[in-house]
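Summary of the model geometry
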Amino acid sequence: MVIAAASVITSTSGPVVVRRVQICRSPSVGYNVGGRKTRAGWVFGNHSYQSPVSNYAALDINNSLQLAVTEMKDKCKKWEWRGHSINYFLHLPQQGPPLLLVHGFGASIPHWRRNIEALSQSNTVYAIDLLGFGASDKPAGFCYTMELWAQLILDFVNEIVQKPTVLIGNSVGSLACVIAASESTNGLVRGLVLLNCSGGMNNKAVVDDWRIKLLLPLLWLFDFLLKQRGLASAIFERVKQRENLRNILLSVYGNKSSVDDDLVEIIKVPADDEGALDAFVSIVTGPPGPNPVKLMPKILLPVLILWGDQDPFTPLDGPVGRYFSSLPSQLPNIDLYVLEGVGHCPHDDRPDLVHEKLLPWLTSLPAP
């Protein structure tokens, strides 16, 4: 995290200044993951935990760096995959090596509205709605799995992008990208960016976290209740109420000002689609999918991991966070930066901090 009064990002319309005001440095907070403290922050092998910024005001983001949700929806395209309609977005003009953005649970393409313009300065940017989310089909009674989403990603890159692509995912989207990268054999996955990667499709994957162990009986009860159609419908209707969605989002974002009306609608609108309830039940009660612990050593591609340390879903001191924190000291192809004061969705929570690390890393990749 670079502490500076301003960052300048070059856009097609000239320099765009993203201002951070009332910035001050507070004492670093260390985590017992085998690091050493330096004046620049915490260093762990090939990654660093940089000194925090506190008391910052909401970012003054120039509108040219944030796409309007309605504009994004209007420009989306459709792709037929295994008899289902998949929604995707291609930002024009196409220039530079391609990136594919993959959202997390409950989100969709517009969740990347604060990133696409910055990323598109040197890259061709695609984003996709996974089956069951956003404006993609939500087939009734469908059984969703991590492996299915991974195959969707690979097929999309093969059929639509048709060039070596960097996969960028958040949460379960990250895990789907990990699975896809571990299974790719045709050279079309060029690199991997993980934003607070999940340990599975749902919390049942994280069985060695004492917090999950305490909650397991409640999780099993919740699974049982969700399999009762009437109860599941009542629970889902309550969860997707705007005020409840806002409260949930506030609990997982570090920068509360990023939880705006647009974000609530990004989550709310697809949840009202026919088939959304079936997707919710299948994902929450289904198998967690492949364990990233077994997959990451298979991946020899360049990997960048960005982790918000205020994530209640995959906390840095939980088993998933500890595992990913340990990787840079074990695998030379992996870099990790911990972003302090950032929650489960770093790209939307503090896009400036994500771009600060992501853009130079993308530039440093070998030419495809």
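Residues numbered from 1 in each chain as written. Predicted model: local features only at pLDDT ≥ 70, side-chain atom pairs only at ≥ 80, totals over all residues. Heavy atoms only, no water.

As annotated in an unreviewed UniProt entry, the protein is AB hydrolase-1 domain-containing protein from Coptis chinensis.

1. Looking at the pairing of strand β13 (residues 189–195)
Taken across its seven residues, β13 has seven buried, putting it largely inside the fold. One ladder, built from six bridges, connects strand β12 (residues 165–170) with β13; its direction is parallel. Bridge pairing in β13 places Val166 opposite Gly191. The pairing of β13 with strand β14 (residues 303–308) spans four bridges and is parallel. Directly across from Leu195, in β14, lies its bridge partner Leu306. (Buried < 20%, exposed > 50% of the residue type's maximum accessible area, 1.4 Å probe, protein only. Helix = DSSP H or I, 4+ residues; strand = E, 2+ residues; numbered from the N terminus. Pairing = 2+ DSSP bridges.)

2. Looking at the packing of helix α6 (residues 229–239) against helix α9 (residues 276–285)
It is the contact of α6 with α9, at a shortest axis distance of 10 Å, that shows an interaxial angle of 100 degrees. When the axis of α6 is compared with that of α9, the two are roughly perpendicular. Every residue of α9 that contacts α6 at Arg229, Ala232, Ser233 and Phe236 is listed here: Ala276, Leu277, Asp278, Phe280 and Val281. Looking at the contact of α6 with α9 residue by residue, the class counts come to six nonpolar, one polar and two charged. (Axes fitted to C-alpha atoms, helices over the stretch in contact; angles between N-to-C directions. Parallel < 35°, antiparallel > 145°, perpendicular 65-115°, else oblique. Contact = heavy atoms within 4.5 Å. Nonpolar A, V, L, I, M, F, W, Y, C, P; charged D, E, K, R; others polar.)

3. Examining the packing of aromatic side chains
Tallied over the full model, the rule gives twelve aromatic pairs. Aromatic side chains Trp79 and Trp81 sit 6.5 Å apart centroid to centroid with 35 degrees between the ring planes, which places their arrangement in the tilted category. There is no split in this pair, since Trp79 and Trp81 are both buried. Grouping aromatic residues by their ring pairs yields a cluster made of Phe105, Phe133, Phe142, Tyr144, Trp149, Phe236 and Phe280. (Phe/Tyr/Trp six-rings, centres within 6.5 Å; stacked < 30°, edge-to-face > 60°.)

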